[in-house]
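# Tertiary structure, described
One-letter residues, chain by chain:
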Amino acid sequence: MPQWLCNQLMRAFQNKNRRQIRLLNDSWYFYRTRRSQEEWPDTQTTDGPGKRKF
């Protein structure tokens, strides 16, 4: 996870900003899903436990 994202998440948790936490969390899962699809284009990474569909 990039350092800037960690910093924003920590700030959002400290301020108890649920909207910002949710936005950053969704952004991270979207980024991770996209990167894994680029690295392994033949596999489906959106199915299975712990994976999110977009």
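Rules behind the numbers
Residues numbered from 1 in each chain as written. Predicted model: local features only at pLDDT ≥ 70, side-chain atom pairs only at ≥ 80, totals over all residues. Heavy atoms only, no water. Helix = DSSP H or I, 4+ residues; strand = E, 2+ residues; numbered from the N terminus. Buried < 20%, exposed > 50% of the residue type's maximum accessible area, 1.4 Å probe, protein only. Contact = heavy atoms within 4.5 Å. Areas by Shrake-Rupley, 256 points an atom, 1.4 Å probe, with all protein chains shown as cover.

As a further point, take the overall build of the protein chain. Counting its regular elements, the protein chain contains 2 helices and 0 strands. Burial analysis of the protein chain (54 residues in total) assigns 19% to the buried set. Long-range contacts, defined as pairs at least 24 residues apart, comprise 23% of the intrachain contacts of the protein chain with a sequence gap of at least 6. As displayed, the protein chain has an accessible area near 4,800 Å², and 50% of this comes from carbon and sulfur atoms.

This part is about the environment of Leu24. Its location among the elements puts Leu24 in helix H2 (residues 18-39). Note on Leu24: relative accessible area 6%, which makes it buried. In the structure, Leu24 is positioned 12 residues away from Ala12 in sequence and 9.0 Å away in space, judged by C-alpha atoms. If near-sequence neighbours (up to four positions away) are discounted, Leu24 is found in contact with Leu5, Gln8, Leu9 and Ala12.

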